[in-house]
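Structural overview for review
One letter stands for each residue in the lines below.
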Amino acid sequence: MAVPSRSRRRAPTANGILTLLTDFGTADAFVGIMKGVILGMNRRARLVDLSHEVEPQNVLAGALLLRSAVDYFPRGTVHLVVVDPGVGSDRQALAIATTRAIFVGPDNGVLWPAAERLGLIRAHAVDCKQLARRKVVRLPVSRTFHGRDVFAPVAAYLSGGAPISSVGPTVDRLVELDIPACRVIDAALEGEVIHIDRFGNLITNIPAVELARFSEGRVSVSINGVQLRGILPSYAAVPEGRLLAVIGSWDLLEIAVRGGSAANRLGASRHAPVRVAAA
Amino acid sequence: MAVPSRSRRRAPTANGILTLLTDFGTADAFVGIMKGVILGMNRRARLVDLSHEVEPQNVLAGALLLRSAVDYFPRGTVHLVVVDPGVGSDRQALAIATTRAIFVGPDNGVLWPAAERLGLIRAHAVDCKQLARRKVVRLPVSRTFHGRDVFAPVAAYLSGGAPISSVGPTVDRLVELDIPACRVIDAALEGEVIHIDRFGNLITNIPAVELARFSEGRVSVSINGVQLRGILPSYAAVPEGRLLAVIGSWDLLEIAVRGGSAANRLGASRHAPVRVAAA
Amino acid sequence: MAVPSRSRRRAPTANGILTLLTDFGTADAFVGIMKGVILGMNRRARLVDLSHEVEPQNVLAGALLLRSAVDYFPRGTVHLVVVDPGVGSDRQALAIATTRAIFVGPDNGVLWPAAERLGLIRAHAVDCKQLARRKVVRLPVSRTFHGRDVFAPVAAYLSGGAPISSVGPTVDRLVELDIPACRVIDAALEGEVIHIDRFGNLITNIPAVELARFSEGRVSVSINGVQLRGILPSYAAVPEGRLLAVIGSWDLLEIAVRGGSAANRLGASRHAPVRVAAA
């Protein structure tokens with residue numbers, strides 16, 4: 001994803017709210033330790049947990065969860081994201097300004113869908129040596145816990161009002177995820193399965209907002225030769241064992257079996273085409 | 001439950017503390033999104049999670065958990081409750097003032113036991129159109145996520161000090177739950193099973209405080225022809241597989257089997273009579 | 001553990017941050033109730049959850065988790081710990097000042113490793129009668145929930161700046177845990193297994209910081225006749241079923257089997273000797 005080279009839009013001013021999204025779980029003290037680091041640097045930060053139960057190292061799941069939440073936080077919120085299978089490798093650490101929010105996390109795509117949704121203004125790579133001179137980061141940085149040693153300090157620093165340009169050099173391209181856009185073709189909305197969760201639910205690249213734009217009436221959803229009538233409000237709308245189309249928690253169209261696996265039922269895998277048409 | 005028509009007691013002044021109780025779990029961002037909405041409206045709210053692990057759509061479980069907690073929060077706390085199987089139906093959204101706390105949630109009984117415990121002063125139905133004119137609620141409201149679109153904004157608004165009468169018209173009757181009161185009959189305290197949890201524990205309508213009032217000495221508990229001697233301090237007081245009577249986390253008398261199901265062991269179901277007598 | 005009789009070091013001044021570490025889980029309202037009590041006494045406390053998923057009544061697990069976290073909180077943080085199998089017995093409740101942090105919890109060893117790490121200054125036993133006169137504690141105290149009735153009020157009181165000496169008499173000896181220190185013998189670092197977790201991971205008494213001091217180069221780890229080469233950054237560094245040595249979440253050397261039980265594989269139990277040598 002290319003970063004606009006000379007955006008005229010101003011980065012938002014930090015409002016003191018700092019959210020945390022990780023795959024660390026809450027049984028260990030990892031999240032608490034990050035909060036200790038943050039409060040040690042910015043005693044007035046308002047901390048909000050988005051989730052710490054992202055499936056471990058599932059960058060796409062973290063990215064979609066983040067994208068589904070950012071519209072609901074006030075302008076100037078800092079979102080700290082640590083879903084980071086590449087920790088210890090040479091992937092960059094990023095600080096990103098968008099029209100609404102500031103993001104801090106690894107450059108592995110996890111920030112990309114949310115940044116694209118909100119409108120990217122500028123991106124900076126975290127320069128630990130530079131930040132060590134400003135006493136933001138303490139060297140040496142561990143190879144395994146950048147959440148504590150890099151991301152939390154940078155997020156705390158920005159949530160206190162530091163300019164994003166002070167974290168390091170600008171970046172002109174972000175790592176993207178493999179999420180193709182859905183398209184309208186021949187009066188149908190065409191997309192595909194982009195993720196299969198651990199229950200066998202098929203998550204598509206068709207956002208609720210695109211569905212609403214496509215049709216205000218009743219639609220049918222086709223996948224692997226099966227046609228489902230209507231998009232239901234929740235799993236509870238059908239009996240156990242029945243297939244349904246539903247808007248999931250990431251605000252995307254999902255194909256599911258109540259109490260079962262849609263992936264098994266339909267023999268569907270990633271990239272399976274999904275087609276929505278007026279019913 | 002009838003609302004007192006002209007209570008002279010004054011509704012408490014919001015103290016800025018806002019608790020959240022839901023059945024959303026913490027894996028998704030639903031709770032985080034509600035907090036974003038709240039902090040966007042009242043940056044100074046002090047947020048406290050009561051629990052987000054109420055069994056999905058179990059209104060009674062949410063109601064009893066809420067009732068067990070409200071005594072311990074300072075006067076003027078706002079409790080936001082979203083256990084709401086009727087979302088999208090015509091059930092009303094409520095804001096309730098009691099002698100100690102302010103409640104916001106659906107009119108399905110979930111607020112009732114706590115409101116009754118604290119002493120109800122007044123109740124108002126949330127009028128979304130009226131609140132949209134005050135910029136509290138944004139229209140249209142979704143059919144599936146009133147936690148985000150209705151309850152969180154109203155709770156944030158009240159936690160900031162808005163008068164409860166400004167959310168909508170007064171209500172003169174609240175939906176109740178099927179929780180009969182226990183009674184003293186012939187020197188015994190008589191109650192019944194009101195809930196069986198997923199472990200098979202039998203939760204009764206006999207509160208710890210009634211037991212203490214009934215007897216300061218040793219008691220026996222009878223259910224389905226079995227008599228248990230004494231009320232034990234915890235499950236750990238008996239060996240695996242043994243029946244016991246214990247005060248559970250909702251401050252109610254429970255009949256349990258350590259490491260097993262009391263419901264199966266006793267063949268007991270909801271409404272089974274329970275009798276406490278001096279031992 | 002002997003408390004220094006006349007330490008000249010000053011106890012830290014409370015900074016308003018208060019962490020909570022319990023084995024209560026988050027499904028019930030226990031943790032929320034403790035927070036209600038705390039905010040009722042100190043409205044400005046900044047609450048941070050360390051974890052509420054310590055294995056029930058596992059004092060050693062709570063102690064090691066606490067020790068792994070305390071370095072990352074700013075000076076003057078109050079850490080409230082309730083892993084308390086002896087609740088209702090005559091074990092004392094403690095308030096402890098160290099060079100960096102203030103601790104409140106039971107005198108069962110759970111505070112000891114963290115207090116030792118930070119440097120103990122003074123320890124006081126909580127005197128509920130004395131604190132009741134100061135309106136900190138309300139009598140009678142329950143026999144089963146000292147988290148709510150004793151520890152939360154004392155932690156709130158101290159987080160608001162009260163002097164630690166006002167909670168009760170000085171204590172000159174703390175209960176310790178059975179955690180022997182590791183030692184360097186004949187150019188090897190010798191330790192032992194101090195805990196086996198529910199996955200069969202063998203946790204040793206060899207801290208990461210001692211390993212770094214012992215050797216900057218490659219090491220081998222010997223246990224029960226098996227020699228492991230190198231200490232790996234994470235479980236993911238080996239295939240399923242393979243033994244490895246790794247630094248665990250408590251910053252201690254662990255012997256593990258990816259996807260299996262090292263305790264079963266090695267027939268190792270608590271106190272099994274572990275030896276680290278240059279490779």
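Thresholds applied
- Residues numbered from 1 in each chain as written.
- Chains lettered and ligands numbered in written order.
- Predicted model: local features only at pLDDT ≥ 70, side-chain atom pairs only at ≥ 80, totals over all residues.
- Heavy atoms only, no water.
- Buried < 20%, exposed > 50% of the residue type's maximum accessible area, 1.4 Å probe, protein only.
- Helix = DSSP H or I, 4+ residues; strand = E, 2+ residues; numbered from the N terminus.
- Pairing = 2+ DSSP bridges.
- Axes fitted to C-alpha atoms, helices over the stretch in contact; angles between N-to-C directions.
- Contact = heavy atoms within 4.5 Å.
- Buried area = accessible area lost by both parts, 1.4 Å probe.
- Salt bridge = Lys/Arg side-chain N within 4 Å of Asp/Glu carboxyl O.
- Polar contact = N/O pair within 3.5 Å; in protein donor to acceptor, adjacent residues only side chain to side chain.
- Nonpolar A, V, L, I, M, F, W, Y, C, P; charged D, E, K, R; others polar.
- Least-squares fit on C-alpha atoms with pLDDT ≥ 70 in both.
- pLDDT = per-residue confidence, 0-100.
- Parallel < 35°, antiparallel > 145°, perpendicular 65-115°, else oblique.
- Left-handed = near helix turned anticlockwise from the far one by under 90°.

1. Observations regarding the pairing of strand β3 (residues 78–82) of chain A
All names here are of chain A.
- Counting buried residues in β3 gives five out of five residues, a clear majority hidden from the surface.
- Inspection of the sheet shows strand β1 (residues 17–22) paired to β3 by five bridges, in the parallel sense. Across the sheet, T22 pairs through a bridge with V82, a residue of β3.

2. Let's talk about the sheet that holds strand β6 (residues 120–125) of chain B
Residues and elements named next belong to chain B.
- Read from one edge to the other, the open sheet built from six strands follows the order β2-β1-β3-β5-β4-β6, with strand pairing classed as mixed. The two strands at the open ends of the sheet, each matched to only one other strand, are β2 (46–51) and β6. Going across the sheet, the axis of each strand differs from the next one's by a mean of 20°, ignoring polarity.
- Pairing of strand β4 (residues 93–98) with strand β5 (residues 101–106) involves five bridges; the strand directions are antiparallel. Paired with L94 across the strands is G105, a residue of β5.
- Packing of helix α5 (residues 146–159) onto the sheet brings it into contact with β1 (17–22), β3 (77–82), β4 and β5, and relative to β3 it is tilted by some 175°.

3. Thoughts on the interface of chain C and chain B
- In this complex, chain C contributes 19 residues to the contact, which on the side of chain B involves 16 residues.
- Summed over both sides, the interface of chain C with chain B buries roughly 1,400 Å², with 59% coming from carbon and sulfur.
- Summed over the shared surface of chain C and chain B, the number is zero salt bridges.
- Taken together, the links from chain C to chain B amount to eight residue pairs in polar contact (both at pLDDT 80 or more).
- Contributions of two or more residues to the side of chain C that touches chain B are made by α1 (30–41) and β2 (46–51) of chain C.
- The leading source of residues in the side of chain C that touches chain B is α1(C), at eight residues.
- For the side of chain C that touches chain B, the class distribution of residues is eight nonpolar, five polar and six charged.

4. Description of the relation of the copies chain B and chain A
- Aligned on chain A, chain B shows an RMSD of 0.0 Å; the corresponding rotation is 120° and the shift along the axis is 0.0 Å. These values place the two chain copies in the arrangement generated by a three-fold rotation axis. Closest to the rotation axis within chain B is the C-alpha of R46(B), separated from it by 5.4 Å.
- Looking at the interface residues of chain B, only 5% of them are also at the interface in chain A, so each copy uses its own face.

5. Points about the confidence of the model for chain A
- When the pLDDT values of chain A are averaged, the result is 93; 100% of them are 70 or greater.
- Both scores are available for the predicted complex, with the pTM at 0.93 and the ipTM at 0.91.

6. A word on the sheet that holds β2(C)
All names here are of chain C.
- With mixed pairing, the six strands of this open sheet are ordered in space as β2-β1-β3-β5-β4-β6. In this open sheet, the two edge strands, each paired with only one partner strand, are β2 and β6 (120–125). Each adjacent strand pair in this sheet contributes to an overall mean axis angle of 20°, direction not counted.
- Here five bridges tie strand β4 (residues 93–98) to strand β5 (residues 102–106), and the two strands are oriented antiparallel to one another. Bridge pairing links A93 to P106 in β5.
- The strands touched by helix α5 (residues 146–159) within the sheet are β1 (17–22), β3 (78–82), β4 and β5, with β3 carrying the most contacts at an inclination of about 175°.

7. Describing unusual backbone geometry
All names here are of chain A.
- Cis peptide bonds are those with omega within 30 degrees of zero, and the linkage from L139 to P140 qualifies with -5°.
- For P140, the location among the structural elements is in the loop between α4 (128–133) and α5 (146–159).
- Phi at K135 is positive, roughly 65°, even though this residue is not glycine.
- Following the sequence through the fold, K135 ends up in the loop between α4 and α5.

8. Observations regarding the pattern of salt bridges
- A complete count under the given rule lists 24 salt bridges over all chains for this structure.
- Across the pair E210(A) and R213(A) runs a salt bridge whose closest N-O atoms are separated by 3.1 Å. Placement of the pair is E210(A) and R213(A) together in helix α6 (residues 208–214), with a separation of three residues, close to one helical turn.
- On the accessibility criterion, E210(A) (25% relative accessible area) is partly exposed.
- Accessibility expressed as a relative area gives 61% for R213(A), which makes it exposed.
- Two residues, D71(B) and R117(B), come together in a salt bridge whose shortest N-O distance is 3.0 Å.

9. Topic: the pairing of strand β5 (residues 102–106) of chain A
Residue and element names in this part refer to chain A.
- For β5, a buried count of five out of five residues is recorded, marking the element as mostly surrounded by other parts of the structure.
- Sheet topology note: the β3/β5 ladder contains three bridges and is parallel. Within the sheet, the bridge partner assigned to V78 lies in β5 and is I102.
- Turn length for the strand β4 (residues 93–98)-β5 hairpin, with the two strands adjacent in sequence and antiparallel, is three residues.

10. Considerations on the relation of the copies chain C and chain B
- With an RMSD of 0.1 Å, chain C superimposes on chain B once it is rotated by 120° and translated 0.0 Å along the axis.
- By residue overlap, the copies meet through two different surfaces: only 5% of the interface positions of chain C are interface positions in chain B.

11. With respect to the packing of helix α1 (residues 30–41) of chain A against α5(A)
Residue and element names in this part refer to chain A.
- Where α1 meets α5, the axes come as close as 9 Å, and the angle between the chain directions of the two elements is 40°. By the angle between their directions, the pair α1 and α5 is classed as oblique. Between α1 and α5 the crossing geometry is right-handed. Here I33, M34, V37, I38 and M41 of α1 come into contact with α5, specifically with G147, R148, A152, P153, A156 and Y157.
- Of the residues in the contact of α1 with α5, the class split is nine nonpolar, one polar and one charged.

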